[in-house]
Amino acid sequence: TPIIMNLIKTYYPTLKMNVIIGKGFSNVPEIISESNVNTKLIYYPNASKMKESMVASDIAIGAGGQTLYELASLGIPTIAIILVDNQIDDTKGWADKRFLFNVGWYHNKSLEKTIINFLKILKNYELRESMGNVGQLYIDGKGAKRIAEYTINQLK
C-alpha cells in the first residue's frame, strides 16, 4: 500500500486516494507517512463504509481476492495485484473478461512500472466505463436468489 501511494503521489499528485486500512495491516505508520492532502484514510470499514468508498472511486487498486466481486458488482474498474495463491484464478478470470488489469504477483520486479502504465491507460473514460459494465454484466447481485430458487426446485 505505501509503495502504491508513493507512485500515485509521484505520477499523479492531484489524484485523490481513498485508502482502506484493514485490521490485519501491520504497516499503518508507513501508510500514514505516505498520505498527503489528497488522501483519505479509512480505518477498519464495515460493509456499508466499504461500499461507500468503492462507489466514490473511479478506479480501484487492490488485492485479487473476494473484493474483486464487490468491485465488479459496483462497476469499479480495477488494477489487481496477486498476494496469495488463492487469488490467481479469480484475478486471471476477471482479466480475461476484461473487467480488470492483472498486475501479477506483488513481488513482480516490474510491479510499479506496470501499475503506472495501467493508470495511464485508465485515464480513458470510455475504457473505464466499458470495464465497469463488464463487471456488472457478470455480477448482478441476484446470485443468492438464484441459488435459493435452484435449491428449492431441486427439493420439489
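In case you missed it, the structure is sitting above this.
Residues numbered from 1 in each chain as written. Predicted model: local features only at pLDDT ≥ 70, side-chain atom pairs only at ≥ 80, totals over all residues. Heavy atoms only, no water.

Can you walk me through the sheet that holds strand β5 (residues 100–105) in this structure?
On the basis of which strands lie adjacent, the open sheet formed by three strands has the order β3-β4-β5 and parallel pairing. The two strands at the open ends of the sheet, each matched to only one other strand, are β3 (60–63) and β5. The average undirected angle you get between the axes of adjacent strands in this sheet is 20 degrees. Here five bridges tie strand β4 (residues 78–82) to β5, and the two strands are oriented parallel to one another. Across the sheet, residue Ile79 finds its bridge partner in β5, namely Phe101. (Pairing = 2+ DSSP bridges. Helix = DSSP H or I, 4+ residues; strand = E, 2+ residues; numbered from the N terminus. Axes fitted to C-alpha atoms, helices over the stretch in contact; angles between N-to-C directions.)

Is there a simple way to explain the pairing of β3 in this structure?
Pairing geometry for β3 and β4, over four bridges, is parallel. Directly across from Gly62, in β4, lies its bridge partner Ala80. After leaving β3, the chain enters helix α4 (residues 67–74) and then returns to the sheet as β4, a path that is right-handed. (Right-handed = clockwise from strand over helix to strand, strands pointing away.)

What exactly am I supposed to notice about the packing of aromatic side chains here?
In this structure the tally under the stated criterion is six aromatic pairs. Considering the side-chain rings of Trp94 and Phe99, the 5.2 Å spacing of their centres and the 65 degrees angle between planes classify their relative orientation as edge-to-face. Take Trp94: its relative accessible area is 6%, and that puts it in the buried class. (Phe/Tyr/Trp six-rings, centres within 6.5 Å; stacked < 30°, edge-to-face > 60°. Buried < 20%, exposed > 50% of the residue type's maximum accessible area, 1.4 Å probe, protein only.)

Is there a simple way to explain the nonpolar core in this structure?
Note that soluble globular proteins tend to have their nonpolar side chains buried in a common cluster. Within the largest apolar cluster, 21 residues are counted, with the highest numbers of intra-cluster contacts made by Ile8, Val19, Ile79, Ile81, Val103, Ile115 and Leu119. Looking at this core, the elements with two or more residues in it are α1 (2–11), β1 (17–21), α2 (28–33), β4, β5 and α6 (111–121). Per-element accounting of this core gives the leading share, five residues, to α6. Other than its neighbours up to four places away in sequence, Val19 contacts Thr1, Met5, Ile31, Thr39, Lys40, Leu41 and Ile42. (Core = buried A, V, L, I, M, F, W, Y, C linked by side-chain atoms within 4.5 Å. Contact = heavy atoms within 4.5 Å.)

Where do I start with the packing of α4 against helix α7 (residues 125–138) in this structure?
Geometry of a packed helix pair, given as the angle between the helix axes and the separation of the axes. Two numbers describe how α4 lies on α7: the axes approach to 6 Å, and their chain directions differ by 110 degrees. Of the possible angle classes, the one that applies to α4 and α7 is roughly perpendicular. Here Ala72, Ser73 and Leu74 of α4 lie close against α7, whose contacting residues are Gly132, Gly135 and Gln136. Classifying every residue of the contact of α4 with α7 by side-chain character gives two nonpolar, four polar and no charged. (Parallel < 35°, antiparallel > 145°, perpendicular 65-115°, else oblique. Nonpolar A, V, L, I, M, F, W, Y, C, P; charged D, E, K, R; others polar.)

Sorry, what's going on with the layout of surface pockets here?
Rolled over the atoms, a probe with the dimensions of a water molecule shows which regions are left empty. Reported here for the largest pocket is a volume of approximately 1600 Å³. Ile4, Asn18, Ala60, Ile61 and Gly62 are, among the 49 residues lining the largest pocket, the residues nearest its centre. Counting residues per element, the ones that place at least two in the lining of the largest pocket are α1, β1, α3 (47–55), β3, α4, β4 and α6. With five residues, the top contributor of residues to the lining of the largest pocket is α1. Its volume calculated, the second largest pocket comes out at about 180 Å³. (1 Å grid on protein atoms, 1.4 Å probe; cavity = no way out; pocket = protein on both sides within 12 Å on 5 of 7 lines; lining within 4 Å. Points joined across faces, edges and corners; volume = space filled by probe spheres on them.)

What should I look at first to understand the pattern of salt bridges in this one?
In a structure, side chains of opposite charge can pair up when their charged atoms sit close to one another. For the coordinates displayed, the defined rule picks out four salt bridges. For the salt bridge of Glu52 with Lys49, the shortest nitrogen-to-oxygen distance reads 3.2 Å. Of this pair, Glu52 and Lys49 both sit in helix α3, separated by three residues, roughly a single helical turn. Given the relative accessible area of 26%, Lys49 is considered partly exposed. Among the ionic pairs, Glu149 bridges to Lys145, the shortest N-O distance being 3.9 Å. Linking Glu149 with Lys145, this pair stays in helix α8 (residues 143–155), spanning four residues, or about one helical turn. Residue class for Glu149 comes out partly exposed when judged on its relative accessible area of 40%. (Salt bridge = Lys/Arg side-chain N within 4 Å of Asp/Glu carboxyl O.)

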